[in-house]
Amino acid sequence: MGMTGAGKSTFISNCAGASTAIVGHGLFSCTSRVAIHTMELRSRKVHLIDTPGFDDDAKTDGDTLQEIAYWLSAASEHCIELSGIVYLQRITDIRIQGSALKGLNAFKKMCGVENYSGIVVASTMWDELTVEQYDAASKRQRELAKNYWKDISDNGGQIVPLRAGKIDAMRILEHIVKKDRRITLAFQRQIEDENLPIRETDVGKILHEASQAHYERLESQFQSATQTLSSIVESGSKSGAAEMKEALGQLEMDMKSYEDNMTRMTQQRDEIRMHMERKLQNDRQQLQNAFQENQRRLQEKRRELVRVTSELPNPLSTLETLLEDDIEALEEQRDELHIRKTQRLSSRYPSRSRAAKITSIVGTGLAVGQLVAAMACNVM
């Protein structure tokens with residue numbers, strides 16, 4: 001886990017290979033971005049679980065908690081346990097405040113103090129520093145460890161600078177696998193065992209309070225804008241009325257988004273499961289549609305290339321080169337679609353109605369290995 005741009009994709013690529021941490025191509029919207037990246041480490045199967053973060057502009061905190069809650073529920077159903085959690089923090093950030101501080105506190109509450117020994121906090125972006133900035137960054141690392149991460153290290157967690165790219169990333173995974181822990185997050189226990197609504201969990205309280213405070217600010221802005229618009233109308237002036245109406249419309253949309261977010265945070269486990277399975281079914285269909293469209297366009301371009309090659313006297317024509325470039329781009333897109341499909345939550349965890357039929361398949365593919373959770377924001 002970590003803020004947007006913390007280096008999650010780089011971390012995953014360093015561990016599992018560059019092809020596993022792809023960026024969406026825009027053919028379809030992501031509905032659940034929990035993704036699974038599988039690799040081998042010392043003859044053991046390791047699964048890196050990539051989750052969205054709490055500062056994602058494309059989704060609310062309620063959406064993010066729903067996705068994480070659903071994955072944890074599915075993992076419990078298939079007897080899969082976490083072995084460790086990696087939290088990524090940019091060393092280039094001068095201070096931790098605002099959404100970054102909220103995200104860190106939410107992360108701690110999600111894990112629970114009892115699981116701090118299974119956390120590795122890794123500072124990233126050391127390769128972006130100049131020689132002159134290095135000493136200041138090292139000082140910042142010590143300050144972060146003292147002021148923000150001390151409770152984690154005091155309870156057995158590891159604080160490390162991720163300076164050497166692949167070497168340090170693999171060391172983190174080796175450390176987690178060697179410890180051979182089994183972790184049940186506080187959030188997982190509260191959702192599964194205590195059947196609490198999301199907003200009554202420890203992490204949910206932090207995020208719900210932040211959402212409520214922001215909603216109240218929006219509500220105050222809306223009331224102020226409404227009064228201003230009324231004054232403009234009463235004065236008979238048309239100046240500024242259109243702009244104020246547009247601002248009111250945007251505020252209404254923002255308020256509706258936060259209302260929906262707070263409603264989702266009232267959901268309990270079974271409601272979360274039903275809601276997420278509908279989203280995953282839609283996600284699966286979008287993936288399938290995108291793949292079929294890609295295949296259609298690829299075949300069309302290949303036929304066109306054959307025709308052009310046979311008709312034109314110059315085999316190195318500009319048209320032929322362009323067609324070959326189009327085919328290469330479509331093939332890359334096809335490969336990305338395939339990777340995304342294998343990483344999707346829906347491909348690993350079917351709905352409850354189908355679970356009994358294929359538990360043995362999922363168990364063979366997942367339960368035998370260490371499950372390492374690299375919970376991080378999309379680098380994004």
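Cut-offs applied
- Residues numbered from 1 in each chain as written.
- Predicted model: local features only at pLDDT ≥ 70, side-chain atom pairs only at ≥ 80, totals over all residues.
- Heavy atoms only, no water.
- Buried < 20%, exposed > 50% of the residue type's maximum accessible area, 1.4 Å probe, protein only.
- Helix = DSSP H or I, 4+ residues; strand = E, 2+ residues; numbered from the N terminus.
- Pairing = 2+ DSSP bridges.
- Right-handed = clockwise from strand over helix to strand, strands pointing away.
- Expected span 1.5 Å × (residues − 1).
- Core = buried A, V, L, I, M, F, W, Y, C linked by side-chain atoms within 4.5 Å.
- Contact = heavy atoms within 4.5 Å.
- Axes fitted to C-alpha atoms, helices over the stretch in contact; angles between N-to-C directions.

Examining the pairing of strand β3 (residues 85-90)
- For β3, a buried count of 6 out of 6 residues is recorded, marking the element as mostly surrounded by other parts of the structure.
- Side chains Ile85, Tyr87 and Gln89 project from β3 onto one buried face, and the interleaved Val86, Leu88 and Arg90 project onto a second face that is buried too.
- Here β3 runs beside strand β4 (residues 119-124); their pairing, made up of 6 bridges, is parallel. Across the sheet, residue arginine 90 finds its bridge partner in β4, namely threonine 124.
- With helix α3 (residues 99-111) bridging β3 and its parallel neighbour β4, the resulting β-α-β unit is right-handed.

Examining helix α6 (residues 166-179)
- The end-to-end C-alpha distance of α6 is 20 Å, a good match for the 20 Å that 14 residues give at a rise of 1.5 Å each.
- If you check which residues of α6 are buried, you get Asp168, Ala169, Met170, Ile172, Leu173, Ile176 and Val177.
- Immediately beyond the C-terminal end of α6, within one or two residues, lies aspartate 180, with a positive phi of roughly 55°.

Here we look at the environment of phenylalanine 54
- Inspection of the secondary structure puts phenylalanine 54 in the loop between β2 (44-50) and α2 (61-77).
- Taking the C-alpha atoms as reference, phenylalanine 54 lies 6.0 Å from glycine 103; in sequence the two are 49 residues apart.

Some points on the nonpolar core
- By size, the foremost hydrophobic cluster in this structure holds 45 residues, and its most contacted members are Leu65 and Phe187.
- Those elements that place two or more of their residues in this core are α2, β3, α3, β4, α4 (131-147), α7 (186-192), α8 (202-235) and α10 (269-311).
- Among the elements that line this core, the one with the most residues is α2, at 7 residues.
- Look past the residues within four positions of phenylalanine 187 in its chain and what remains in contact with it is Leu65, Ile68, Ala69, Leu72, Met110, Thr201 and Val203.
- In terms of nonpolar packing, the next biggest core, distinct from the first, is built from 18 residues, Val46, Leu48, Ala122 and Leu173 among them.

A look at the sheet that holds β3
- Strand order in the open sheet made by the 3 strands is β3-β4-β5, with parallel pairing throughout. Each having just a single partner strand, β3 and β5 (158-161) make up the two edges of the open sheet. Averaged over all pairs of adjacent strands, the angle between strand axes in this sheet comes to 20°, irrespective of strand direction.
- One ladder, built from 4 bridges, connects β4 with β5; its direction is parallel. Looking across to β5, one finds that alanine 122 is bridged to valine 160.
- Lying over the sheet, α3 contacts β3 and β4, oriented at roughly 170° with respect to β3.
- Sitting on the sheet, α6 touches β3, β4 and β5, and the angle it makes with β4 is about 175°.

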